[in-house]
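Chain and residue survey
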Amino acid sequence: MSEPVELRIQTVEGQRVLATDTAPAGARLVDDFTPSLIDVGAHHLCPGCGEPIAMRSVLETIEELGVIRRAIGVFGIGCYTAFSNNLDCEVAQALHGRAPSVATGIKRAKPDTVVFTIQGDGDMVNEGLQEVIHAAARGERITCVMLNNGVFGETGGHITATTVLGQRTKNTLDGRDGREHGYPIRLSNMLADLDGVAFVGRCAVNNAGNVARTRKMLQRAFEAQVNDEGFSFVEILTMCPTGWFIDTQDAPDYLTDNLAATHTLGVVKDVATA
Amino acid sequence: MSAELLEGSPAIAEAMIAAGCRFFAGYPMTPFTELLEHMAKRLPEVGGSCVNAESELEAVGMAWGAATTGMRAATGSTGQGLSLMQESIAEAAMAQLPLVIVNMARAQGDYFQATRGGGHGDYRTPVLAPMDVAEATVLVQRAFHLADEWRNPVLLFGDYYIAHTYSSVDIQRIDFGPVAPKDWGLDGSSSGSGNARLVSPLGDTKQRDDVGYDLADFYRRAAEMTSAMVDGIERLVEVVDCDDADLVVVAFGTAGKYVRYAVAQLRAEGHRVGIVRPISLFPFPDQAVRDAAAGARLVAVYENNQGQMVDDVRLALEGAVPTRFIGGLSLDTSGFGIAPDFDVDVLRRRIQGVLDDIGGAA
């Protein structure tokens, strides 16, 4: 038996191929599970981060729905902003908190497009809360996706409006105390109460079952947009072991025990089944 | 369209629509409100869209979004509202977005906000300042052209008078010449093509074999484009009776129209006085100011503020001619109405006072 060889995939003139310096003679790429809307599969996010899984789920959903050539993403500012220029999806990069308005302008100008936003909890619930609430109330035909890890990951682990009670962050060293730091906002529940909203779901990417449920919710959310039903919203709980100050392998369980205990998983609203 | 009597706000709205603007978003604020009203009424009639935004932050964000598709898009407000928009205006300039922003200002205290920009970072925004409704209907169309030509936000600096004066106008689409096709505009069609479009203040290229933006290269190219824009945009200015003038008065916008009238009266009475009226506030018509003042003994600057454009006049003159500020704040604290300062007799007395000081021959 020959020595194991580490195979590396690289992008050459837009095509993903095996790196010739590592490929043994005669090796070829027999299958590629990379969603076609991903340009460069590599990222510089931390090990154990949930955002790449969430991002991939969004892109797979768009591909499955067959609306690739109509898709436009609007990105907020956070760790996930790193994806905004390595996708093969049209992207408008927005300011922190402002993605729903930018998405509104795009959708109004080009009604046949499929427009989604990618924002974190800091971007959406702290900086730009009124943006998503008003976009939802207008029934804007867009799909907003919140990657909720309950912490400002990019700045290094600071309290956001969704941080759960008791969670330690760099500016709540003894844990979030409701009396001192206020209480977490459950955005999905707030949005579900608004007329104009077709679908709201909260899911997570901390295990295979939850990833599958995330894909289902995303599919329903994008369908709601394509079918002109109204505003749709998917909140995806993602792991942030770096910002939670825990070991990488503990993050999936930590998500279940902490984040998901406050931000409970499930479909919050669906006009199709109401 | 033939000439018709229109109030300033609907006249500007019609000119924007004639220029091809099909998206507008705004939040009511005096004296900007009527422009929003008219766009809300008219845009749906021509296949466009107007959104009554929840605040100026969202209004500029929506216009940003529409502009990323290549559609001619605009927003506007009054100075305070533009303060809220500054982050987006600054980043829209970095994202190379053609966007038109109308400031129906209260008096002229927003000169620095307009010409320096209240936002962060290394950017500039061209500013056009009409003196009346008719000029506004031309300049707002030029604003769309400049925005497309240079892929940069452009400001129109209006005011209460321009918003609310009725004037006979004949609004036609003005052809300012060709602009490059907007092949960068988002419509979803390039997704999955292997070369999907990207409109971002962080960069406009993808690194095919790596991740992240090449900010150094992007900022360098952005600086080159800004520099080309500043050098390339035609300076607009009106110069009257300055060839033999002992005193040159500089004023812009509505104030410029009043001062022009007062100067014409004084000139008719034999005073050697002329006026320079900058129409493009940025880039500032430096050379025209220098040339007009070449033989003058003094340059006086009238503005309806505490003295802002006077800085640009001094920079243009580089100390060649003494410069004096003769303007002042509107005494109407709201800035909405007719200030005592905006009275031809008052303006005449101020200019006459300078003429007396320099001993100009009557």
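Residues numbered from 1 in each chain as written. Chains lettered and ligands numbered in written order. Predicted model: local features only at pLDDT ≥ 70, side-chain atom pairs only at ≥ 80, totals over all residues.

Moving on, we come to the overall build of chain B. A tally of helices and strands in chain B yields 12 helices and 15 strands. Oriented by its inertia axes, the alpha-carbon framework of chain B measures out at about 75 × 45 × 35 Å. Here chain B holds 362 residues, and the buried ones make up 56% of them. Sequence separation of 24 or more characterises 79% of the internal contacts of chain B that already satisfy a separation of 6 or more. (Helix = DSSP H or I, 4+ residues; strand = E, 2+ residues; numbered from the N terminus. Buried ≥ 20, exposed ≤ 12 C-beta atoms within 10 Å, placed from the backbone. Contact = placed C-beta atoms within 7 Å.)

Below, the discussion takes up the interface of chain B and chain A. The interface is formed by 40 residues belonging to chain B together with 42 residues belonging to chain A. Secondary-structure elements contributing two or more residues to the side of chain B that touches chain A are β3 (49-52), α3 (56-68), α4 (79-94) and β9 (198-199) of chain B. Considering only residue class, the side of chain B that touches chain A consists of 16 nonpolar, 15 polar and nine charged. (Nonpolar A, V, L, I, M, F, W, Y, C, P; charged D, E, K, R; others polar.)

Attention now goes to the packing of helix α1 (residues 8-18) of chain B against helix α2 (residues 33-42) of chain B. Residue and element names in this part refer to chain B. Following both chains from N to C, one finds α1 and α2 inclined at 45 degrees, their axes separated by 8 Å at the closest point. It follows that α1 is oblique to α2 by the angle criterion. Between α1 and α2 lies a crossing whose hand is right-handed. Contacts between α1 and α2 involve Ser9, Pro10, Ile12, Ala13 and Ile17 from the former and Glu34, Leu35, His38, Met39 and Arg42 from the latter. (Axes fitted to C-alpha atoms, helices over the stretch in contact; angles between N-to-C directions. Parallel < 35°, antiparallel > 145°, perpendicular 65-115°, else oblique. Left-handed = near helix turned anticlockwise from the far one by under 90°.)

All names here are of chain B. The domain boundaries assigned to chain B delineate domain 1 (4-169) and domain 2 (237-358). Look at where the C-alpha atoms of domain 1 and domain 2 centre, and you get two points 27 Å apart. At the junction of the two partners, domain 1 supplies 23 residues and domain 2 supplies 21 residues. Listing elements by their share of the side of domain 1 that touches domain 2, those giving two or more residues are α5 (111-116), β6 (127-128), β7 (154-159) and α7 (160-164). For the side of domain 1 that touches domain 2, the element with the highest residue contribution is α5, accounting for four residues. In terms of residue class, the side of domain 1 that touches domain 2 is made up of 14 nonpolar, five polar and four charged. (Domains from an automatic or database assignment.)

Turning our attention to the sheet that holds strand β5 (residues 100-105) of chain B. Residue and element names in this part refer to chain B. Pairing is mixed in the open sheet, where seven strands are placed in the order β3-β2-β4-β5-β7-β6-β13. Two strands lie at the open edges of the sheet, namely β3 and β13 (280-282), each paired on one side alone. The pairing of β6 with β13 spans two bridges and is antiparallel. Bridge assignment links Leu128 to a residue of β13, and that residue is Ser280. Contacting β2 (23-26), β3 and β4 (73-77), α3 crosses the sheet at an angle of about 165 degrees to β4. (Pairing = 2+ DSSP bridges.)

This next bit is on helix α4 (residues 129-137) of chain A. Those residues of α4(A) that sit buried are Glu131(A), Val132(A), His134(A), Ala135(A) and Ala136(A). Downstream of α4(A) by one or two residues, Gly139(A) has phi in the positive range, about 65 degrees.

Turning next to the pairing of strand β11 (residues 247-250) of chain B. Residues and elements named next belong to chain B. Burial of the side chains of β11 extends over both faces: Leu247 and Val249 are buried on one face and Val248 and Val250 on the other. Handedness of the β11-helix α9 (residues 253-268)-strand β12 (residues 273-278) crossover: right-handed. Across four bridges, β11 lies against strand β14 (residues 298-301) in parallel orientation. Paired with Val250 across the two strands is Val301, which belongs to β14. (Right-handed = clockwise from strand over helix to strand, strands pointing away.)

Residues and elements named next belong to chain B. Mapped onto the elements, Met39 comes out in helix α2. Its 30 C-beta neighbours within 10 Å are what place Met39 among the buried residues. With 23 residues separating them along the chain, Met39 and Met16 place their C-alpha atoms 9.0 Å apart. If near-sequence neighbours (up to four positions away) are discounted, Met39 is found in contact with Ala13, Phe24 and Cys50.

So, about helix α9 (residues 251-262) of chain A. Residues and elements named next belong to chain A. For α9, built from 12 residues, the straight-helix expectation of 16 Å at 1.5 Å per residue is met to within 8% by its first-to-last C-alpha distance of 16 Å. Here α9 has its buried residues at Ala251, Leu255 and Leu259. Seen from one end, α9 has its buried residues packed into an arc of 45 degrees, which puts them on one side. In this structure, α9 carries Asp257 and Ala261 as exposed residues pointing more than 90 degrees from its buried face. Elements that come into contact with the buried residues of α9 comprise β7 (197-204), β8 (231-237) and α8 (241-244). (Expected span 1.5 Å × (residues − 1). Arc of directions from axis to C-beta.)

On to unusual backbone geometry, then. Excluding glycine, residues mostly carry a negative phi; peptide bonds, for their part, are mostly trans. Residue and element names in this part refer to chain B. Put simply, Thr30 and Pro31 share a cis peptide bond, and its omega is 5 degrees. Positionally, Pro31 belongs in the loop between β2 and α2. The phi torsion at Ala107 lies on the positive side, around 60 degrees, for a residue other than glycine. The residue Ala107 is located in the loop between β5 and α5 in this model. Ala107 sits in the buried class, given 25 other C-beta atoms within 10 Å. Positioned with a positive phi, Glu318 is a non-glycine residue whose angle comes to about 50 degrees. Within the fold, Glu318 resides in the loop between α11 (309-317) and β15 (323-325).

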